[in-house]
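Residue strings, one per chain:
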Amino acid sequence: MWGSCSLACRPLADPALLQSLAQPAQTKLVLLVLDGLGGMPRAAGGPTELEAASTPNLDRLAAEGQAGLSQPIGLGITPGSGPGHLALFGYDPVASNIGRGALSALGLGLRLDAGDLGVRLNFCTLDDQGNVADRRAGRIETRANQELVAKLNELEVAGVELEFATESQHRAVLIIRGAYLSPAVQETDPQAVGVPPLEPEPLTATAQHTSAVLRLVSEAVRDCIGRESPANFVLMRGYAGLPELQGLNSLYGLQPVCLATYPMYKGLARVAGMAVVDGLDTADEQMAAVAEVWEEYDYFFIHHKAPDARGEDGDFDAKAAAIEELDRRLPALLELGPDVLVVTGDHSTPSLLRQHSWHPVPCLFWGGCVLPDTVESFGERACGQGSLGVFPAQSIMGLMLAHGGRLQKFGA
């Protein structure tokens, strides 16, 4: 299905080298991320969700620019959203991996100090036998989430302080404050239905205390909301402490800003040293906000969540419609005059699989000094024939800087 040209096995430019070559410029760089963009055909020989969508604006950008398939982590590796985005920002997604609990906490603007532990929670539905019937509790309304969180914030566990917070729909965050906390604990989400939640077993000897704390938390949660419906328990995952990364400003002299609707991606942006525009709920609000802050910044991270959510729902047509929705808003972004625009995803989420997958992600570069190739539309098969081939997502930042005139020549 994919083209034979591949950059996936070529060595990446050393981030320290990129930093040494970075130079100031007046150019505007835009990274537009359609979360979970990549997909699969629902029938043999048919189109993927992206190929089935009507995307005249994306097709035009692909025809005028350069295309390929980005590999978030490595061949055969299914990425989470955290490492997928860190790769897009130019960080090593393996060495810099950050648990989702910390990212969600920071995205919500919660206090996360050194020594604290952030935990990502999913409200879920357990059946009468204690098995997981729905990992997302029917994607409960955010208001119902807030009511549950208010109850959970009354819980007390000896020796630690607990802070629960609503993220969105079925998603929530727990911050545990106390001594000797470790993220080296098994996640309790079994990633399947019809089986009980996993136990928070310690993965190292130093995590035994944290394991015991999480067991007490689980018991307290069960006692507190076990009679609720449809959300009567929580699954715990993404344990993480306070992350530390060198920001894009100090690395490359950029003035970066994030325009996202979902807390986790705001957390990622803050870790990467970006300013964050809060209070955005829709794609229209995001595009309006870009225009409002256009003169203040030179690197714009715009995140569109809907394709990933619809892919996880297993809804092929809804995912295609979510991509079309974004395509209709592209003219407003182009009117601002970005010098370099990259459109891609952090990973693939085929509706056929209802989850993230290892498939490479369509990617296009437009503007700047981009050398157009022969690709005429934006889709998996077309991008597979692009001049970039299959290439590491971590290379995107270096290419954006180069196309925007922000890298000096290396050597004499």
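Per-chain numbering applies: the sequence of each chain, read as written, is numbered from 1 onward. At least 70 in pLDDT is required for a residue's local features to be given in this predicted model, at least 80 for side-chain atom pairs to be given and counted, and no such filter applies to totals for whole chains, interfaces and linings, which use all residues. Side-chain descriptors were evaluated using all non-hydrogen atoms of the structure, hydrogens and water having been removed beforehand.

**Student:** Lay out the sheet that holds strand 2 (residues 66-71) with the relevant residues and their values.
**Tutor:** Two strands form a pair only when DSSP identifies at least two bridges running between them. Note on conventions: DSSP H or I runs of at least 4 residues are helices, E runs of at least 2 residues are strands, and numbering of each starts at the N terminus. Spatially, 9-8-10-1-11-12-2-13 is the arrangement adopted by the eight strands of the open sheet, whose pairing is mixed. Strands with a single pairing partner mark the edges of an open sheet, and in this sheet they are strand 9 (275-276) and strand 13 (390-392).

**Student:** So what about the nonpolar core? Which residues, and what values?
**Tutor:** In a soluble, globular protein the nonpolar side chains are often hidden away together inside. Counting residues in hydrophobic clusters, the biggest one holds 50 residues, and the most contacted among them are Phe89, Leu248, Tyr299 and Phe301. Ranked by the residues each element gives to this core, the list is headed by helix 9 (residues 263-271), at five residues. The contact criterion used throughout is that any non-hydrogen atoms of two residues lie within 4.5 Å. If we skip the residues at most four places from it in the chain, Tyr299 touches Leu29, Leu31, Leu88, Phe89, Leu248, Leu254, Gln255, Pro256, Val257, Met274, Met397 and Met400. Within this scheme, the nonpolar core is defined by two criteria: the residues are buried Ala, Val, Leu, Ile, Met, Phe, Trp, Tyr or Cys, and they are joined through side-chain atoms within 4.5 Å. Residue exposure (1.4 Å probe, protein chains only): buried if accessible area is under 20% of the type maximum, exposed if over 50%, otherwise partly exposed. The next biggest cluster of nonpolar side chains, apart from the first, holds 39 residues, and it includes Val30, Leu37, Leu50 and Met287.

**Student:** Tell me about the packing of helix 6 (residues 142-152) against helix 7 (residues 208-225), and name the residues and values.
**Tutor:** Here an axis means a line fitted to C-alpha atoms, over the contact stretch when the element is a helix, while the angle between two N-to-C directions is reported on a 0 to 180 degree scale. The contact between helix 6 and helix 7 brings their axes to 10 Å, and the two run at 120°. Judged by the inter-axis angle, helix 6 sits oblique to helix 7. Note on packing geometry: the crossing formed by helix 6 with helix 7 is right-handed. Together, Leu148, Lys151 and Leu152 of helix 6 and Val221, Cys224 and Ile225 of helix 7 make up the contact between the two elements. Orientation labels follow simple angle bins: below 35 degrees gives roughly parallel, above 145 gives roughly antiparallel, 65 to 115 gives roughly perpendicular, and whatever is left gives oblique. Left-handed describes a crossing whose near helix is turned anticlockwise from the far helix by less than a right angle; the clockwise case is right-handed.

**Student:** Outline the packing of aromatic side chains, listing residues and values.
**Tutor:** Pairing of aromatic rings covers Phe, Tyr and the six-membered ring of Trp, with a centre-to-centre limit of 6.5 Å; geometry is then stacked below 30 degrees between planes, edge-to-face above 60, and tilted otherwise. Going through the model one piece at a time under the given rule, you end up with three aromatic pairs. Ring centres of Phe89 and Phe301 lie 5.0 Å apart, and the angle between their planes is 80°; this geometry places the pair in the edge-to-face category. Taken as a pair, Phe89 in the loop between helix 4 (81-88) and helix 5 (100-107) and Phe301 in strand 10 (residues 299-304) lie far apart in primary sequence, 212 residues in all. Phe301 matches Phe89 in its accessibility class, with the two residues each being buried. Between Trp294 and Phe300, the aromatic rings sit 4.5 Å apart at their centres with planes inclined by 20°, giving stacked as the arrangement. The exposure classification of Trp294 matches that of Phe300, with both residues buried. When the ring centre of Phe233 is taken as origin, the NZ or CZ atom of Arg222, which lies over that ring, is 4.4 Å away. Sitting over a ring, as applied to charges here, requires NZ of Lys or CZ of Arg to be within 6 Å of the ring centre and within 35 degrees of the ring normal. Just above the ring of Tyr262 sits the side chain of Lys305; from NZ or CZ to the centre is 5.5 Å.

**Student:** Please provide a residue-by-residue account of the pairing of strand 8 (residues 256-259), values included.
**Tutor:** Here strand 8 shows two buried faces, one formed by Pro256 and Cys258 and the other by Val257 and Leu259. In the sheet, strand 8 pairs with strand 10 via four bridges, with the strands oriented parallel. Considered in strand 10, the bridge of Leu259 is made with Ile302. For strand 8 and strand 9, the ladder comprises two bridges, and the chain directions are parallel. Bridge assignment links Cys258 to a residue of strand 9, and that residue is Val276.

**Student:** Pulling in residues and values, what's your account of the confidence of the model for the chain?
**Tutor:** Low pLDDT means the predicted coordinates in that region are not meant to be read closely. For every residue, the predictor states its confidence as a pLDDT score lying anywhere from 0 to 100. In this model, the chain carries a mean pLDDT of 94, and residues with pLDDT of at least 70 account for 97%. Here residues 1-10 scores under 50 on pLDDT; set against residues more than four positions off or in separate chains, the count is 23 contacts.

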